[in-house]
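Structural description and commentary
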Amino acid sequence: MGILFKAAYFGGLIVEVIMRIPYDRHQREAKKIKQWAPVSEPVVNAGLSIGMGLLPLIYSLTPWLGFADYPFAEPARRWMGFVGLAILAAAVWLFWRSHSDLGKNWSPSLEISSEHQLVTCGIYSSVRHPMYTSQLLWGMAQALLMHNWLAGMGGLMAFGLLYFLRIPKEEQMMLQHFGDEYRAYCEQTNRIVPTL
Ligand code: SAH
């Protein structure tokens, strides 16, 4: 069963990478008027690559992380895996939905383009950082699908970096550019937990 959960994990990762291709192409062509590169950004990006990619890959392809395997018995692992699959599906859906609503305003790093518009509709009307909410769901799914303390916790660790290092800088940049419009938007929404 474990192999199925690992395969679903990497399947989800491939789907997300493919989903991002058109947005990535567009943002490469867009004219940037502001680019923020705080020293924390390489740490965040390394955390995402190691936590979501490298550790799950090492765990799935080698026995090297065996010393950190969960001590749970097979029936418990099976249930964890099934719950993990449901949460993974929710994470991928939210990842798609937030890219679709953010459209050409999406960028992989902290940037403002010449045609940038503040998006406050769609999923962005109920939460300010739905893509990072999707990362939180992904981290929970990963912990349930990868039955190992190191490979399983990588996604939650990456979320922690996004939450504590990226979001404060991103909001600072948005406030500086959009001013009162962004301030009012912040008053109506939470960062990660959607409001009804
Ligand atoms: N933090 C958001 C977006 C991540 S992509 C989320 O989790 O869904 C990062 C880029 O999105 C940033 O460089 C910023 O320019 C842009 N951005 C973030 N929130 C935005 C919004 N509400 N409207 C328009 N652009 C936004």
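For the structure, see preceding data.
Bear in mind the structure is a predicted one, so any value in this text is a computation, not a measurement.

1. A word on the site of the ligand
Surrounding the ligand, one finds 20 residues, the nearest of these being Glu111, Val119, Tyr124, His129 and Glu170. Separating a nitrogen atom of the ligand from a side-chain N or O atom of His116 is a distance of 2.9 Å. At a separation of 2.8 Å, a nitrogen atom of the ligand approaches a polar backbone atom of Val119. In isolation the ligand exposes 540 Å². Once the protein is present, 99% of that is buried. Counting residues per element, the ones that place at least two in the shell around the ligand are β2 (110–113), α4 (130–145) and α5 (149–178). Here the shell around the ligand is composed, by residue class, of 12 nonpolar, six polar and two charged.

2. Section: the pattern of salt bridges
One pass over the structure, following the stated rule, counts nine salt bridges. Among the salt bridges present, the one from Arg28 reaches Asp24, with a minimum N-O distance of 2.7 Å. Separated by four residues within a single helix, Arg28 and Asp24 lie in helix α1 (residues 2–29), roughly one turn from each other. Residue classification places Arg28 among the exposed residues on the basis of a relative accessible area of 60%. One salt bridge connects Arg191 with Glu171, and the closest N-O pair in it is separated by 3.1 Å. Remark: Glu171 occurs in helix α5 and Arg191 occurs in the segment after α6 (180–188); sequence separation between them is 20 residues. Given a relative accessible area of 26%, Arg191 falls into the partly exposed group. Judged by its relative accessible area of 9%, Glu171 falls in the buried class. Residues joined by salt bridges that share partners form a network here, namely Arg128, Glu171 and Arg191.

3. With respect to the nonpolar core
Of all hydrophobic cores here, the largest spans 24 residues; its most connected members are Tyr124 and Met174. Taken together, the elements giving at least two residues each to this core come down to α3 (74–102), β2, α4, α5 and α6. Of the residues forming this core, the biggest block, seven residues, is contributed by α5. Counting residues in each nonpolar core, the second largest holds 21 residues, with Leu55, Leu88, Ala143 and Ala151 among its members.

4. Considerations on a nonpolar patch on the surface
Side chains of Met1, Ile3, Leu4, Trp79 and Phe82 sit close together on the surface and give an oily, nonpolar patch of about 600 Å² of accessible area. Here Met1 lies in the segment before α1.

5. Notes on α5
Between its first and last C-alpha atoms α5 spans 41 Å; for 30 residues at 1.5 Å apiece the expected length is 44 Å, and the two agree. Of all the bends in α5, the largest measures some 40° and sits at Arg166, one to four residues before the proline Pro168. You can read the cap of α5 off the contacts: a side-chain oxygen lies 2.9 Å from the backbone nitrogen of Leu150, and it is on Asn148. Count one or two residues on from α5 and you reach Gly179, which has phi positive near 55°.

6. Comments concerning the packing of α3 against α4
For the pair α3 and α4, the least separation of the axes is 8 Å and the interaxial angle reads 160°. When the interaxial angle is binned, α3 and α4 end up roughly antiparallel. α3 and α4 meet at a crossing whose hand is left-handed. The residue makeup of the contact of α3 with α4, split by class, is 20 nonpolar, six polar and no charged.

About the thresholds
Numbers given to residues run from 1 along each chain, matching the order in which its sequence is written. Only residues with pLDDT of 70 or above have their local features reported here, since the model is predicted, and side-chain atom pairs are shown and tallied only from 80 upward, although totals for entire chains, interfaces and linings are computed over all residues. To obtain the side-chain values, all non-hydrogen atoms of the structure were used and water was disregarded. Throughout, near means a residue has at least one heavy atom within 4 Å of the molecule or strand. Identification of polar contacts relies on pairs of N or O atoms within 3.5 Å, with a donor-acceptor requirement for protein atoms, meaning one able to donate a hydrogen and the other able to accept it, and with residues adjacent in sequence counted only if both atoms are side-chain atoms. In short, Shrake-Rupley with a 1.4 Å probe defines the accessible areas, and a residue's cover is counted only from the protein chains shown. Elements are defined by DSSP. Helices are runs of H or I of four residues or more, strands are runs of E of two residues or more, and each kind is numbered from the N terminus. By the convention adopted, Pro, Cys, Tyr, Trp, Phe, Met, Ile, Leu, Val and Ala count as nonpolar, Lys, Arg, Asp and Glu as charged, and the other residues, Gly among them, as polar. Any carboxyl oxygen of Asp or Glu within 4 Å of a side-chain nitrogen of Lys or Arg constitutes a salt bridge here. Exposed residues in this analysis have more than 50% of their type's maximum accessible area, buried residues have under 20%, and partly exposed residues fall in between, with area computed by a 1.4 Å probe over protein chains only. The definition of a nonpolar core used throughout is a set of buried Ala, Val, Leu, Ile, Met, Phe, Trp, Tyr and Cys residues joined through side-chain atoms within 4.5 Å. Note on patches: the residues involved have over 30% relative accessible area and no salt bridge, like charges join within 9 Å, and the nonpolar side chains Val, Leu, Ile, Met, Phe, Trp and Tyr join within 5 Å. In this scheme, a helix's expected span is set at 1.5 Å multiplied by one less than its residue total. One axis is fitted to the seven residues ending at the residue and one to the seven starting there. The bend at that residue is the angle between these axes. Orientation is described by lines fitted to C-alpha atoms, with helices fitted over the stretch in contact, and by angles between N-to-C directions that extend from 0 to 180 degrees. Note on terminology: angles under 35 degrees are roughly parallel, angles over 145 are roughly antiparallel, angles of 65 to 115 are roughly perpendicular, and the others are oblique. Crossings are classed by handedness, with left-handed meaning an anticlockwise turn of the near helix from the far one by less than a right angle and right-handed meaning a clockwise turn.

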